Amino acid sequence: LLRLGILPEGYIYPHEDRPIRDLLRRRFQLVRMGVGLTLSIQSSWARHTGQCLSANGLRQLTPEQIEQALPEVSVRFGVLTHLQVWCAIQDQVRQVEHWIDASRTRCQEQHALRSIPGIGLILGLTIALETGDVHRFASVGDYASYCRMVKSERISNGKKKGQGNRKCGNRYLCWAWIEAAHFALRHSPPIKRWYDRKCGKRHKIIAIKAVAHKLARAGYYLLRDGGTFDVKHAFG
């Protein structure tokens, strides 16, 4: 296998970059826990008050407002418990972000990534550190596949013959690029217009994945060659 050059080789991640990468993964887990608690509080609020509670409204809730809206003691106690845990998680997330910002970690590549609308310090570091050495990917298609941005179907003569493992690739990179796509819709009108046209033809979930795919392809070239993001070239 070695002589024929067909033995698959694994990538050994640099030891010096592992601590910050793993810390960003812990932050990802905390954010997911916070989202779960947010949905639970919103669900309880809607069931017992008949009103929707937005994310901004949840952040501004006070114990007095909860007591007035939820007269049942057991229900109020459950919502307060979840709210206190949610506040503690948000505090820990802020501390992690402050530590990452103060550590001044390497990854000069993140500066090129931050030229993409919606990508800041945390997302830029996450993408750069999870990608590692971008030259290990032979092509932009290989990188998009590693980010879980393409289908794992086997096509022969225009017919589907099966599919591969949909869980192959890096789930943290997949999450980061989809988050970047959501933020890009807010900060870039050209990307938002492209997304709206895509939604007119396909489902919005497919449309947001298409935006993430385009951003991931652009991110590959930014990590490899540097420069700045050109929205007209990517979404023209």
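Located above this text is the structure these notes cover.
Rules used in this analysis
Residues numbered from 1 in each chain as written. Predicted model: local features only at pLDDT ≥ 70, side-chain atom pairs only at ≥ 80, totals over all residues. Heavy atoms only, no water. Phe/Tyr/Trp six-rings, centres within 6.5 Å; stacked < 30°, edge-to-face > 60°. Buried < 20%, exposed > 50% of the residue type's maximum accessible area, 1.4 Å probe, protein only. Helix = DSSP H or I, 4+ residues; strand = E, 2+ residues; numbered from the N terminus. Axes fitted to C-alpha atoms, helices over the stretch in contact; angles between N-to-C directions. Parallel < 35°, antiparallel > 145°, perpendicular 65-115°, else oblique. Left-handed = near helix turned anticlockwise from the far one by under 90°. Contact = heavy atoms within 4.5 Å. Nonpolar A, V, L, I, M, F, W, Y, C, P; charged D, E, K, R; others polar. Core = buried A, V, L, I, M, F, W, Y, C linked by side-chain atoms within 4.5 Å. Disulfide = S-S within 2.5 Å. Lys, Arg positive; Asp, Glu negative; His and termini not counted. Salt bridge = Lys/Arg side-chain N within 4 Å of Asp/Glu carboxyl O. Arc of directions from axis to C-beta. Patch = residues over 30% accessible without salt bridge, like charges linked within 9 Å, V, L, I, M, F, W, Y side chains within 5 Å. Areas by Shrake-Rupley, 256 points an atom, 1.4 Å probe, with all protein chains shown as cover.

## Some remarks on the packing of aromatic side chains
Within the structure shown, the criterion is met by eight aromatic pairs. Ring geometry for Tyr11 versus Tyr13: centroids 6.2 Å apart, planes at 90°, classification edge-to-face. On the basis of relative accessible area, Tyr11 is assigned to the partly exposed category, the value being 34%. Here Phe28 and Trp175 contribute two aromatic rings whose centre-to-centre distance is 4.9 Å and whose plane-to-plane angle is 70°, an arrangement assigned as edge-to-face.

## Description of unusual backbone geometry
Of note, Arg148 is a non-glycine position whose phi angle comes to about 60°, a positive value. Secondary-structure assignment places Arg148 in the loop between α7 (140-146) and β1 (153-156).

## Focus: the packing of helix α6 (residues 121-131) against helix α8 (residues 171-187)
Direction vectors running N to C along α6 and α8 enclose 150°, while the axes themselves pass 10 Å from each other. By the angle between their directions, the pair α6 and α8 is classed as roughly antiparallel. For α6 against α8, the interelement crossing comes out left-handed. Packed against α6, whose contacting residues are Leu123, Thr126, Ile127, Glu130 and Thr131, the element α8 presents Tyr172, Leu173, Trp175, Ala176, Trp177, Glu179, Ala180 and Phe183 at the interface. Of the residues that constitute the contact of α6 with α8, the class distribution is nine nonpolar, two polar and two charged.

## Remarks on the nonpolar core
With 39 residues, the main nonpolar core has Tyr143, Trp177, Leu215 and Phe229 as its most contacted residues. Put simply, the parts of the chain that give this core at least two residues each are α5 (109-113), α6, α7, α8, α9 (189-199), α10 (204-225) and α11 (231-235). Ranked by residues supplied to this core, first place goes to α10 with eleven residues. Not counting residues within four places of it along the chain, the set of residues in contact with Leu215 comprises Ile116, Trp177, Ala180, Ala181, Ala184, Ile191, Phe229 and Phe235. With 14 residues, the next largest nonpolar core counts Leu58, Leu61, Leu70 and Val93 among its residues.

## A short note on the state of the cysteines
Inspection of the entire model under this criterion finds zero disulfides. Free of any disulfide, Cys147 has its nearest cysteine sulfur in Cys174, 8.0 Å distant.

## So, the side chain of Arg76
Take Arg76: it is sitting in helix α4 (residues 73-103). Despite its burial, Arg76 pairs with no opposite charge, the nearest such side chain being Glu67 at 4.9 Å. In this view, Arg76 contacts Ile66, Glu67, Leu70 and Pro71; residues no more than four positions away in its chain are not counted.

## A closer look at α9
Among the residues of α9, Ile191, Trp194 and Tyr195 are the ones counted as buried. Buried residues of α9, viewed axially, fall in a sector of 100°; they line one side. In this structure, the buried residues of α9 make contact with α8, α10 and α11.

## Section: the pattern of salt bridges
In the structure shown here, the tally under the stated rule is five salt bridges. Note that Asp22 and Arg21 form a salt bridge whose closest N and O atoms lie 3.1 Å from each other. Looking at Arg21, the relative accessible area reads 14%, which means it is buried. Where Arg224 meets Asp225, a salt bridge forms, and the shortest distance between an N and an O atom there is 3.0 Å. Looking at Arg224, the relative accessible area reads 37%, which means it is partly exposed.

## Points about a nonpolar patch on the surface
On the surface, Leu1, Leu2, Leu4, Ile6 and Leu7 cluster together into a nonpolar patch covering about 580 Å² of accessible area. For Leu1, the location among the structural elements is in the segment before α1 (18-49).

## Examining the packing of α1 against α4
Axes are the key here: two packed helices are described by the angle between their axes and the distance separating the axes. Relative orientation of the contacting elements α1 and α4 amounts to 155°, with a least axis distance of 9 Å. What the angle tells us is that α1 and α4 run roughly antiparallel. The crossing of α1 and α4 is left-handed. Per-class residue counts for the contact of α1 with α4 are 18 nonpolar, nine polar and two charged.

Purely spatial values, then, with no claim about function.
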